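Residue strings, one per chain:
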4 protein chains.
Amino acid sequence: MKRIGILTSGGDAPGMNAAVRAVARTAMANGIEVFGIRYGFAGLVAGDIFPMTSDSVANILTRGGTFLYTARYPEFAQEEGQLRGIEQLKKHGIEALVVIGGDGSYHGALALTKRGFNSIGLPGTIDNDIPFTDLTIGFDTACTTAADAIDKIRDTASSHQRVFVINVMGRDCGDIAMRVGVASGADAIVVPEKPYSIEAIANKLKKSFANGKDHGIVIVAEGVMSSDDFLKELLKYGDFDARTEVLGHMQRGGEPTVSDRVLASKMGSYAVKLLMEGKGGLAVGIEDNHLCTHDIVDLFDSHHVGDYSLLAMNDDLSR
Amino acid sequence: MKRIGILTSGGDAPGMNAAVRAVARTAMANGIEVFGIRYGFAGLVAGDIFPMTSDSVANILTRGGTFLYTARYPEFAQEEGQLRGIEQLKKHGIEALVVIGGDGSYHGALALTKRGFNSIGLPGTIDNDIPFTDLTIGFDTACTTAADAIDKIRDTASSHQRVFVINVMGRDCGDIAMRVGVASGADAIVVPEKPYSIEAIANKLKKSFANGKDHGIVIVAEGVMSSDDFLKELLKYGDFDARTEVLGHMQRGGEPTVSDRVLASKMGSYAVKLLMEGKGGLAVGIEDNHLCTHDIVDLFDSHHVGDYSLLAMNDDLSR
Amino acid sequence: MKRIGILTSGGDAPGMNAAVRAVARTAMANGIEVFGIRYGFAGLVAGDIFPMTSDSVANILTRGGTFLYTARYPEFAQEEGQLRGIEQLKKHGIEALVVIGGDGSYHGALALTKRGFNSIGLPGTIDNDIPFTDLTIGFDTACTTAADAIDKIRDTASSHQRVFVINVMGRDCGDIAMRVGVASGADAIVVPEKPYSIEAIANKLKKSFANGKDHGIVIVAEGVMSSDDFLKELLKYGDFDARTEVLGHMQRGGEPTVSDRVLASKMGSYAVKLLMEGKGGLAVGIEDNHLCTHDIVDLFDSHHVGDYSLLAMNDDLSR
Amino acid sequence: MKRIGILTSGGDAPGMNAAVRAVARTAMANGIEVFGIRYGFAGLVAGDIFPMTSDSVANILTRGGTFLYTARYPEFAQEEGQLRGIEQLKKHGIEALVVIGGDGSYHGALALTKRGFNSIGLPGTIDNDIPFTDLTIGFDTACTTAADAIDKIRDTASSHQRVFVINVMGRDCGDIAMRVGVASGADAIVVPEKPYSIEAIANKLKKSFANGKDHGIVIVAEGVMSSDDFLKELLKYGDFDARTEVLGHMQRGGEPTVSDRVLASKMGSYAVKLLMEGKGGLAVGIEDNHLCTHDIVDLFDSHHVGDYSLLAMNDDLSR
């Protein structure tokens, strides 16, 4: 294998740059040429491809976002898109790829592998919603950003003895909500995967205030409902001085945390080694603290399973 | 003067605790006893008053919010509320007050002064909308929090080549928007005090993208319109991939910056010295880098004037 | 079991407060009374013990240090100290303990268990030098603080084209150095557990500068040698414009990261459950992402083993 | 005026990049071509000069350090160096310069002005030791970095009931020490410009501990003596559990604060306007919150005067 390509796809996530750097540098250290592909699969099809040097990835380890840019490109599900992409790969002599992104990225990586271009997928998304990995690249940073914001919101909540209903990202996955909720000492955490009772939450908040607590924090994962809708429901059960906050896209950006930098570095390095062994069609993950691979095809029927024991634990820890 | 009281009122702001500490410690250093009054004027009327020791203000210099709690209490505009408040002051032997807060706080401070209890007002609000002061306590921290969030949003904006319309706080005052806009290299800053053309902003963004810039940031002060409404207007003039973000209440909290800690310390210290000189009915400010006072009554007909030259400067600096 | 005690011992670490909170709240949720013991084993012997309420641990989840204070107290290795400590436990009706700290803490916990007071040890130290756990409470925060500092140092290193030799904490353990080195893109990482060649490091730096890199970062774990001594050696092999930096005690403090808050919460909660099952003399750890226990006695002959594969990986990733 | 050059000189400071961006963009907005000069006066003499586009300064507003690099180059004090520098300016058609840096930069700027190349000096240094300006570019960021570090150190100081003697930067200027000391609630601040009594400091610390305070923080400006030497003296007057910490070069780096970004932007913009008015040999400053200019020659006999009233105020505020 003499030449590999690398692209980022789907929503951006902090640590994508660190992963790109790791792929590029590991390949170069092993005598493999590396080509950057801009704008994900859209750029692959359009031929927005450039040879990378060691310099291309200098000073990006700590930068949020993805300097390769990213785009959603559903057209790559069609044969036509794939064939045009392959033409571009051939033109540049690229034999294999590393694809960093979320769900959609894996479909593209599998399609290319089936057509003879070994591709390895790395889980790059803040949502932590990829099966067969405990952690995705960007998740720890998003949790950190959200927890920092909630630490600030708690100040104003306490000063005014208010309840805040805070919407965090994660789409259909409650992992950000759970981790951030525990880290913030939230009174309640509401995730789409598990049942909840708004009345019980209201009762807990009432009891807390009665016991002298000076604020309330309820974390609602975006897959549940909007924080405004949630608050409306909550106010049916109690007359709280309450506000909502949507943390929004700031959760997607920012410098990756140490954990994300290290995770992305390890995964990027590992992906190249897999390609060097002639492997393709694999999704890299980290399970029980060890790098692992699964056939991409197995991801499509699977669901990420979070650590829902955090919910019961948090109920004991907050009062 | 043997005993003074201190309260925080209106919306909370980072640095209020630092100001309370400065008032308390300066008074104690000068042999004056200090009473803390919780929940602003509401707590004054209700008698939620306690003697402070040096310990009471230990470890609060760096904490956001106000440990004295705050509340809005329009009833204090009425004679009845004021008389009940004065009763409480007499009960505790409190002869004078320092009041930290926004607009409403000054009305209370003036009313008490007129009734024989010298009161000094300190400008504690993130909005920077107090007349006769260049800076309010909390403003620098709010700008810092907003700029940090925008730095993160820029990552994801760039990765996707998007425009973000970002709503920042400030009520009718554009100071946060202007300062944060300059600090973030925003493409456009929209404030309620000055005319603007959404079409011109759209044209600037189009030109920027045409010149190769990979993102757009528009800062809209909350006093202008919602970021959703603004985006709707903007999309009339250009087909941008765009999102909105409301930074929200996180701007009110968090550890005060060095600037806010120092400003609050200086103002709190100064307020006690004014009371020791027998003064009251004064608003403390900082103008041209010097602490100053103005009769509170003069504030009511005045408006804070921002540094609008930042708008034209920013137009040159962003491209 | 009706009453448990909790203490922190040895060097402080961010997340100790989160662990104390988790122990206290979990115990209370299960109807167990909790006593705080100040100043570690010294305070136990001196009887500095107080009943905790839910309020005692309010607002400490996010605070660095340990509000229970800590102290080194080698006298607890002697029978006399232990007997006096047990007297105090009896006086307060405390039947079991959770001890949070480093190496010395485990000896005390084991001694108390042997004398009939079940004790569970939690690994609280930034150094990550405890056997049978992949992570200690405080390690992630210390790495984050160190990496943040190095991100800043890189700015000035690049501006002046300098080499910085940076001393990070960890005593005889290179884990902080390795994790921070990878996260910082260090040119070289030197740890006490593995051989290294200063000449080879100098040659790598020379090659980097020759290839156009504008700075050099060498991370030296404190267990290797001082950064000043290291620099002296380095300068024998190359005429670098170089400086040293000792990150020092700031690495021990600060708000715990999300990871440390969650880890401490889980471990604290788990420790109480172990005590409720009548267990003692156990060290809690996290191995392969799962909470685990080991007999404390087994720790004394064992050594923490780091992930030394990071060293080779980093050599490829930095250039 | 059709072409200007820009360089950074002396020690780097956060905000230098923001100032370079402001100079470049303001010039371009006014139809003036801009040339970047790398490595300060050394690069000017060596001809390391390149034409800048708007892109050259994209994404640098928030970056620490200086992407133009900097160097100390005492040779520029000699006629030979100056003549060679002028040759380079002529070769590129550069008619005027903006020089950002500390003391040495001003000498170079004045020399060039005298030889017919109008030059404006901007105060870029973390030390705040430039006469005729209340603030230098980088000062607020350095204070913020130092205060953040001290906030962390306080955690471990409190946990162990320790005294920390902390060395902060500033060379012969105590401004960082004073501002950081007030912002950190230091027990004592020692600056080179004012007398101090180590015995009195020891007595204050003893009294604080006697009153129940759980830690001590002494800030010593680097111009006074080393923190190790200071601690030796301190221990003559009291038997403290004490440690030293040298914050070091991390104070020079990092993302500039909002204040520094805005200040640098305003100064950079202003410098171009001065050149457009045909002015040279001027140092830009900010006095009493207004941009101002002074003849560079007047700086050489003057000394920056700090706000030493902070020392007495801090004595009252800390206990």
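Keep in mind that this is a model prediction, so the values were computed, not measured.

Draft legend 1. Summary view of the UniProt feature "binding site: Mg(2+)" (unreviewed entry) in chain A. Residues and elements named next belong to chain A. Per the UniProt record, the feature "binding site: Mg(2+)" (unreviewed entry) sits at Asp103. You can see Asp103 is positioned in helix H4 (residues 103–114). In this structure Asp103 comes out as partly exposed when scored by relative accessible area, which is 48%.

Draft legend 2. Fine view of the relation of the copies chain C and chain A. When chain C is fitted to chain A, the residual RMSD is 0.0 Å, and the transformation amounts to a turn of 180° plus an axial shift of 0.0 Å. This pairing of chains is accounted for by a two-fold axis. Among all C-alpha atoms of chain C, that of Asp288(C) lies closest to the rotation axis, at 2.2 Å.

Draft legend 3. Structural context of the packing of helix H9 (residues 258–276) of chain B against helix H11 (residues 309–317) of chain D. Interaxial distance between H9(B) and H11(D) falls to 11 Å at its minimum, and their mutual angle equals 80°. Viewed along their axes, H9(B) and H11(D) adopt a mutual orientation that is roughly perpendicular. On the side of H9(B), the interface is formed by Val262(B), Ser265(B), Lys266(B) and Ser269(B), while H11(D) contributes Leu310(D), Met313(D) and Leu317(D). A per-class count over the contact of H9(B) with H11(D) returns four nonpolar, two polar and one charged.

Draft legend 4. Geometry of the relation of the copies chain C and chain D. In screw terms, the move from chain C to chain D is a rotation of 180° and a rise of 0.0 Å along the axis, fitting with an RMSD of 0.0 Å. Looking at the interface residues of chain C, 100% of them are also at the interface in chain D, so both copies use one shared face.

Draft legend 5. Here's a closer look at unusual backbone geometry. Residues and elements named next belong to chain B. Look at Asn59: it is not a glycine, yet its phi comes out positive at around 65°. Overall, Asn59 belongs to the partly exposed group, its relative accessible area being 43%. Although it is not a glycine, Asn289 sits at a positive phi angle of roughly 75°. By relative accessible area, which is 39% here, Asn289 ends up partly exposed.

Draft legend 6. Summary view of the sheet that holds strand E6 (residues 163–168) of chain D. All names here are of chain D. Read across the open sheet, the four strands follow the order E7-E8-E6-E9; overall the sheet is parallel. The open sheet terminates on both sides in strands that have one partner only, identified here as strand E7 (188–190) and strand E9 (242–246). Going from strand to strand, the sheet's axes swing by 15° on average, the running direction of each strand aside. Contacts between helix H8 (residues 227–235) and the sheet are confined to E6, E7, strand E8 (216–221) and E9, with E9 contributing the most and set at about 160° to the helix.

Draft legend 7. Structural context of the interface of chain C and chain D. The partner chain D presents 33 residues to the 33 residues of chain C that form the contact. Between chain C and chain D, a total of about 2,400 Å² is buried, with carbon and sulfur atoms accounting for 51% of that surface. Our count for the contact surface shared by chain C and chain D stands at zero salt bridges. Along the contact surface separating chain C from chain D lie 20 residue pairs in polar contact (both at pLDDT 80 or more). Where the side of chain C that touches chain D is concerned, the elements lending two or more residues are helix H5 (139–160) and strand E9 (242–246) of chain C. In terms of residues, the side of chain C that touches chain D owes the most to one element, H5(C), which gives nine residues. Residue composition of the side of chain C that touches chain D, grouped by class: eight nonpolar, 16 polar and nine charged.

Draft legend 8. Local environment of the UniProt feature "binding site: ATP" (unreviewed entry) in chain A. Residues and elements named next belong to chain A. Under the UniProt annotation, the feature "binding site: ATP" (unreviewed entry) is placed at Gly11, Arg72, Tyr73, Gly102, Asp103, Gly104 and Ser105. In sequence the annotated residues extend across 95 residues, while in space they remain close, none of their C-alpha pairs exceeding 12.4 Å. Position of Tyr73 among the secondary structure elements: in the loop between strand E3 (49–51) and helix H3 (79–92). Taking relative accessible area as the criterion, Tyr73 reaches 22% and is therefore assigned partly exposed. Setting aside anything within four residues of it in sequence, one finds Ser105 in contact with Ser9, Phe41, Val99 and Ile100. There is a polar contact of 3.4 Å between the side chain of Ser105 and the side chain of Ser9.

Draft legend 9. Representation of the interface of chain C and chain A within the structure. Listed per partner, the contact involves 43 residues of chain C and 43 residues of chain A. Taking both sides of the interface into account, the surface hidden between chain C and chain A amounts to around 3,400 Å²; carbon and sulfur atoms contribute 51%. Ranking the residues of chain C by area buried against chain A places Val258(C), Leu317(C) and Arg319(C) at the top, with a combined share of 19%. The tally of links between chain C and chain A comes to six salt bridges. Linking chain C with chain A are 18 residue pairs in polar contact (both at pLDDT 80 or more), by the criterion used here. Every element with two or more residues in the side of chain C that touches chain A is listed here: helix H1 (16–29), H5, helix H6 (175–184), helix H9 (258–276) and helix H11 (309–317) of chain C. The leading source of residues in the side of chain C that touches chain A is H9(C), at seven residues. Residues of the side of chain C that touches chain A, tallied by class, amount to 13 nonpolar, 15 polar and 15 charged.

Calculation criteria
Residues numbered from 1 in each chain as written. Chains lettered and ligands numbered in written order. Predicted model: local features only at pLDDT ≥ 70, side-chain atom pairs only at ≥ 80, totals over all residues. Heavy atoms only, no water. UniProt positions renumbered as here; feature names shortened; annotations may be inferred. Helix = DSSP H or I, 4+ residues; strand = E, 2+ residues; numbered from the N terminus. Buried < 20%, exposed > 50% of the residue type's maximum accessible area, 1.4 Å probe, protein only. Least-squares fit on C-alpha atoms with pLDDT ≥ 70 in both. Axes fitted to C-alpha atoms, helices over the stretch in contact; angles between N-to-C directions. Parallel < 35°, antiparallel > 145°, perpendicular 65-115°, else oblique. Contact = heavy atoms within 4.5 Å. Nonpolar A, V, L, I, M, F, W, Y, C, P; charged D, E, K, R; others polar. Pairing = 2+ DSSP bridges. Buried area = accessible area lost by both parts, 1.4 Å probe. Salt bridge = Lys/Arg side-chain N within 4 Å of Asp/Glu carboxyl O. Polar contact = N/O pair within 3.5 Å; in protein donor to acceptor, adjacent residues only side chain to side chain.

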